[in-house]
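Structural overview
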Amino acid sequence: MTIAISLLRRTPRYLILTFLAFVLAACDVALPIGGAGPQLRSGRPVSVAMLLPYGSANAGDELVARSLENAARLAASELNGVEVELTVYNTAGNAAQAASVARQAVQDGAQVIIGPLRSDAAAAVGVAVASSNIAVLSFSNNTEIAGGNVFVLGNTYENTAERLAGYAVSQGRNRVMILHAQNLAGEVARDAVQSAVSRAGGTVAGVTSYEFSQTGVINAIPDVMGQIRSADANALVITSDASAALPLFAQLLPENGLDTEAVRVMGLTRWDVPSQTLELSGLQGGWFALPDPNAAAAFNARYTAAYGDAPHVLAGIGYDAMRAVGETAATTGALGVTNLAGATGFNGAGGAFRLRSTGTVQRALAIAEIQDQQVAIIDPAPGRLGGPGF
């Protein structure tokens with residue numbers, strides 16, 4: 001198959017200050033969710049617009065954009081039964097520019113949009129193309145913007161919490177303590193764990209928050225230990241990652257009497273990234289969720305063979321977006337929201353996933369335990385998920 005790739009860098013660099021209100025108002029706009037979307041013509045390539053933060057003032061965005069684009073090209077080259085014409089549009093990491101180029105992409109004949117990267121730009125794009133009934137498969141993980149014509153394909157707290165809580169409760173770890181930072185990310189993570197534990201049939205035994213600082217972590221230890229003992233918790237979910245409070249909690253909690261055999265420590269983030277996290281003594285025997293290691297390794301190998309270097313950690317989302325578009329187009333002949341969410345699932349860079357009518361993504365995850373400073377898979381990722389994403 002052939003793939004036509006054209007990189008457009010002609011969009012103006014400007015800021016519309018009043019656009020902020022427009023983006024915020026997206027939550028209140030009734031976006032179309034139904035219909036088959038653009039009908040695809042037999043024998044014609046699928047026109048895919050990819051919105052990426054090329055030209056951003058953030059130096060790291062160029063690397064992310066290139067890796068996402070490479071991964072999407074790789075996915076397109078592996079599709080069967082469908083041809084893709086991919087056009088890349090620059091957003092400069094700016095919501096207003098993202099909305100502008102999205103409208104241009106629709107005028108150019110785009111039948112679906114993949115990207116942009118961040119939630120403010122994705123919300124703006126969703127509004128900009130809503131009247132065209134064009135689906136937007138963004139790379140964001142902010143579920144607040146999901147729904148209508150916008151999907152979020154980034155890894156979410158909700159998805160990880162659902163998998164982790166389901167496994168924990170099935171293993172008798174059904175009285176769960178939650179430990180989170182006093183910031184937006186921590187509160188979103190807390191809510192995700194609370195909902196997941198409840199749906200799994202467990203009990204939230206307690207919730208402790210801490211000021212997002214070293215002093216805040218130290219001051220929280222007595223409260224955490226006191227609640228664990230008084231509530232007879234048998235599991236503790238730490239929502240922080242290795243770049244924040246996780247290492248300090250992993251040291252201080254055992255030092256202050258936490259029995260990690262009686263209380264299973266679990267993480268809402270990847271504990272294998274960076275790999276030094278696996279060496280923390282307080283996390284030995286702890287559980288966390290991660291994509292199917294075999295699928296991820298196979299994707300990394302194909303990407304490296306194609307482009308000569310390792311993919312960015314976000315690259316797999318670009319691959320998945322293209323897989324979802326290509327496989328849906330090949331099987332349904334249309335690319336509306338209902339077509340994409342109606343599929344039973346796709347084979348992505350990290351294993352099986354499917355899109356839901358809520359605009360969110362469900363990913364098949366494995367449960368890992370840290371054993372002797374190594375990752376041991378104790379419950380493999382399922383090879384497929386359930387029925388359509390409704």
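In the block above lies the structure referred to throughout.
Residues numbered from 1 in each chain as written. Predicted model: local features only at pLDDT ≥ 70, side-chain atom pairs only at ≥ 80, totals over all residues. Heavy atoms only, no water.

1. Description of the sheet that holds strand E15 (residues 365-371)
With mixed pairing, 7 strands are arranged side by side in an open sheet as E8-E7-E9-E10-E11-E15-E16. Edge positions in the sheet fall to strand E8 (203-210) and strand E16 (374-379), since each has one partner strand and no second. The sheet shows a mean angle of 30° between the axes of neighbouring strands, direction not considered. As defined by bridge partners, strand E7 (residues 175-181) adjoins E8 across 7 bridges and the pair is classed as parallel. By the bridge assignment for E8, Arg175 is matched with Thr203. Its contacts with the sheet place helix H5 (residues 157-170) against strand E10 (264-267), strand E11 (287-291), E15 and E16, and it is angled at close to 65° to E15. Across the face of the sheet, helix H7 (residues 214-231) comes into contact with E7, E8 and strand E9 (235-238) while running at roughly 165° to E8. (Pairing = 2+ DSSP bridges. Helix = DSSP H or I, 4+ residues; strand = E, 2+ residues; numbered from the N terminus. Axes fitted to C-alpha atoms, helices over the stretch in contact; angles between N-to-C directions. Contact = heavy atoms within 4.5 Å.)

2. A look at the packing of aromatic side chains
Considering all chains together, one arrives at 7 aromatic pairs under this definition. Between Tyr167 and Trp287, the aromatic rings sit 5.1 Å apart at their centres with planes inclined by 65°, giving edge-to-face as the arrangement. Of the two residues, Tyr167 sits in helix H5 while Trp287 sits in strand E11, which places them 120 residues apart along the sequence. Per residue, the accessibility class of Tyr167 equals that of Trp287, and both read buried. Arranged with centres 6.1 Å apart and planes meeting at 55°, the rings of Phe299 and Tyr303 form a pair that is tilted. (Phe/Tyr/Trp six-rings, centres within 6.5 Å; stacked < 30°, edge-to-face > 60°. Buried < 20%, exposed > 50% of the residue type's maximum accessible area, 1.4 Å probe, protein only.)

3. Here we look at the pairing of strand E13 (residues 351-355)
Counted residue by residue, E13 has 5 buried out of 5 residues, so it is predominantly covered. Bridge count for strand E12 (residues 346-348) against E13 is 3 bridges, and the pairing is antiparallel. Residue pairing across strands places Gly348 opposite Gly351, the latter belonging to E13. Between E12 and E13, which follow one another and run antiparallel, lie 2 residues. Bridge count for E13 against strand E14 (residues 361-363) is 3 bridges, and the pairing is antiparallel. Opposite Leu355, over in E14, you have Val361 as the bridge partner. Once E13 ends, the chain turns through 5 residues before running back antiparallel as E14, passing Gly359 with a positive phi of about 90°.

4. What to know about unusual backbone geometry
Cis geometry marks the peptide bond from Gly115 to Pro116; its omega dihedral reads 0°. Here Pro116 lies in the loop between strand E4 (112-114) and helix H4 (119-128). Cis geometry marks the peptide bond from Val273 to Pro274, where omega comes out at -5°. Structurally, the position occupied by Pro274 is in the loop between E10 and E11. If you check the backbone angles, Asp232 has positive phi at about 55° while not being a glycine. Mapping Asp232 onto the fold places it in the loop between H7 and E9.

5. Brief notes about the side chain of Asp272
Among the structural elements, Asp272 can be located in the loop between E10 and E11. With a relative accessible area of 18%, Asp272 lands in the buried category. Engagement of the side chain of Asp272 in a polar contact is seen with the side chain of Arg270, the distance being 2.8 Å. Apart from residues no more than four positions distant in its own chain, Asp272 is found in contact with Leu278, Phe288, Leu290 and Val375. (Polar contact = N/O pair within 3.5 Å; in protein donor to acceptor, adjacent residues only side chain to side chain.)

6. A word on the pairing of strand E3 (residues 84-90)
A regular strand places its side chains so that they alternate between the two faces of the sheet. Most of E3 is tucked away: 6 of the 7 residues are buried. Of the strand pairs in this sheet, strand E2 (residues 46-52) and E3 are connected by 7 bridges, and their pairing is parallel. Bridged to Val46 within E3 is Val84. Traced from E2 through helix H2 (residues 59-78) to E3, the parallel crossover comes out right-handed. (Right-handed = clockwise from strand over helix to strand, strands pointing away.)

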